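Working through the structure, step by step
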Amino acid sequence: ESQRILELERELEVLKRDAAARPPGTVIDAWLDNKKWNKKIENQKKVIDKKSGEIETLTKQNTSMRETIERMDRERILLNTKLKNALKLNAKSEKPPIGYTDT
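Note that the structure is predicted; figures quoted are calculated from it, not measured. Every residue gets a number counted from 1 within its own chain, in the order that chain's sequence is written. Confidence filtering applies because this is a predicted model: local features only for residues at pLDDT of at least 70, side-chain atom pairs given and counted only at 80 or more, and all residues used for totals across whole chains, interfaces and linings. With hydrogens and water set aside, each side-chain value is computed from the structure's full complement of heavy atoms.

**A look at the pattern of salt bridges**
Basic side-chain nitrogens of Lys or Arg form a salt bridge, by our definition, when they fall within 4 Å of a carboxyl oxygen of Asp or Glu. All chains considered together, the criterion is met by six salt bridges. Residues R4 and E7 are paired through a salt bridge, measuring 3.7 Å at the closest nitrogen-oxygen approach. Taken together, the residues R4 and E7, both in helix α1 (residues 2–21) and three residues apart, mark about one turn of the helix. For E7, a relative accessible area of 34% translates into the label partly exposed. Among the ionic pairs, E56 bridges to K60, the shortest N-O distance being 3.5 Å. Residue E56 and its partner K60 are located together in helix α2 (residues 26–93), separated by four residues, close to a single helical turn. Throughout this description, buried means an accessible area under 20% of the type-specific maximum (1.4 Å probe, protein chains only), exposed means over 50%, and partly exposed covers the range between. For E56, a relative accessible area of 47% translates into the label partly exposed. Residue K60 is classed as exposed on the basis of its relative accessible area of 55%. Here a strand is any run of E in DSSP of at least two residues, a helix any run of H or I of at least four, and the numbering for each starts at the N terminus.

Next up, the structure:
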């Protein structure tokens, strides 16, 4: 264990010498700059996550609305066909279609 302590003390001395050889503030400035950019990156990731959630919600709404429009369009076509058939029958029999009221 004491040997491990000596090894760590030697590593510390080497690191101190390396730090002393650099111009003052370089390591700290680099660390602060790195920290600043990491913070910006994290903030942008949060914005992206939020926007991705919004996109997912809007995509689901869009899909649902498109399905509703398609369903209503099919129903409109069906009802138009029924109306045309009812009018044809009415013209032949001179009876008003079922549910038709003259107001």
